[in-house]
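Summary of structural features
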Amino acid sequence: MRDFKEVAHLDEVPDGATKQVAVDGELIGLFRDGDDVYAIGDVCTHQEAYLTEGEWEPDELEVECPLHGSRFDVETGSVRILPATKPARSYQVRVEGNSISVGPRK
Ligand code: FES
């Protein structure tokens, strides 16, 4: 993804909630903490599970995979807890008014 694309409206993602969106064939998970939204690849890098269906912990900026419990940093995509070893893709996010846009990978 080279440019920012609007993927959702802020009021579709309540504070503390998550949302899966598809952009250019990629499934991306949005994670909201107050006025901030983070975006990482939504398919766990371990096996097939959606991180947006896992436990999102805004205080830690961390999501736990619902299948085997790997934890990912939603800001960087890095793995904090195994069994996943490969980081998730992480994307730049812009929030302007009610609009959430996702841009190039960080
Ligand atoms: S599928 Fe996510 S930790 Fe195994």
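Here, the structure is the one placed above.
Report follows, based on the coordinates. (Residues numbered from 1 in each chain as written. Predicted model: local features only at pLDDT ≥ 70, side-chain atom pairs only at ≥ 80, totals over all residues. Heavy atoms only, no water.)

1. Some thoughts on the overall build of the protein chain
From N to C terminus, the protein chain includes zero helices and ten strands. In the protein chain, the succession of α and β elements from N to C terminus is β-β-β-β-β-β-β-β-β-β. Its C-alpha radius of gyration of 12 Å places the protein chain within 12% of the 13 Å reference for a compact globule of 106 residues. By residue count, 42% of the 106 residues in the protein chain fall in the buried class. (Helix = DSSP H or I, 4+ residues; strand = E, 2+ residues; numbered from the N terminus. Rg over C-alpha atoms; globule rule 2.2 N^0.38 Å. Buried < 20%, exposed > 50% of the residue type's maximum accessible area, 1.4 Å probe, protein only.)

2. Comments concerning a negative patch on the surface
Side chains of Asp-15, Asp-35, Asp-36 and Glu-75 sit close together on the surface and give a patch of like negative charge. Tracing the sequence through the fold places Glu-75 in the loop between β7 (71-73) and β8 (79-81). (Patch = residues over 30% accessible without salt bridge, like charges linked within 9 Å, V, L, I, M, F, W, Y side chains within 5 Å. Areas by Shrake-Rupley, 256 points an atom, 1.4 Å probe, with all protein chains shown as cover. Salt bridge = Lys/Arg side-chain N within 4 Å of Asp/Glu carboxyl O. Lys, Arg positive; Asp, Glu negative; His and termini not counted. Charge placed at Lys NZ, Arg CZ, Asp CG, Glu CD.)

3. A few points about the side chain of Ser-90
Relative to the assigned elements, Ser-90 resides in strand β9 (residues 90-96). A distance of 3.5 Å separates a polar atom in the side chain of Ser-90 from the backbone oxygen of Thr-76. Among all residues touching Ser-90, those that are not within four sequence positions of it are Ala-39, Ile-40, Glu-75, Thr-76, Gly-77, Arg-105 and Lys-106. (Polar contact = N/O pair within 3.5 Å; in protein donor to acceptor, adjacent residues only side chain to side chain. Contact = heavy atoms within 4.5 Å.)

4. Side note on the side chain of Thr-52
Looking at where Thr-52 falls in the secondary structure, it is placed in the loop between β4 (36-41) and β5 (55-57). For Thr-52, a relative accessible area of 13% corresponds to the buried category. When neighbours within four sequence positions are excluded, Thr-52 is seen to be in contact with Thr-18, Lys-19, Gln-20, Gly-29, Leu-30, Phe-31 and Asp-42.

5. As for the environment of Gly-77
The topology assignment puts Gly-77 in the loop between β7 and β8. Put simply, Gly-77 and Tyr-91 are 14 residues apart on the chain and 8.8 Å apart in space, counted from C-alpha to C-alpha. Setting aside chain neighbours within four positions, we find Gly-77 in contact with Ile-40, Phe-72, Pro-87, Ala-88 and Ser-90.

6. A closer look at the pairing of β4
Across the six residues that make up β4, a large majority, five, are buried. Where strand β3 (residues 26-33) and β4 come together, six bridges link them in antiparallel fashion. Bridge pairing in β4 links Phe-31 to Tyr-38. Hairpin connection between β3 and β4: a loop of two residues separates the two successive antiparallel strands, and Gly-34 in this loop has a positive phi of roughly 65°. Two strands pair when backbone bridges link them, and β4 and β9 are joined in this way by two bridges, in the antiparallel orientation. In the sheet register, Ala-39 faces β9, and the bridge partner there is Tyr-91. (Pairing = 2+ DSSP bridges.)

7. Regarding the sheet that holds β8
Reading across the sheet, the four strands line up as β5-β6-β7-β8 and stay open at both edges, with antiparallel pairing between neighbours. Looking along the sheet, the strands with just one partner apiece sit at the ends: β5 and β8. Averaged over all adjacent pairs, the angle separating strand axes in this sheet is 25°, with direction ignored. Note that β5 and strand β6 (residues 62-64) share three bridges and pair antiparallel. Across the sheet, residue Glu-55 finds its bridge partner in β6, namely Glu-64. (Axes fitted to C-alpha atoms, helices over the stretch in contact; angles between N-to-C directions.)

Treat this as a map of the structure, not an account of what it does.
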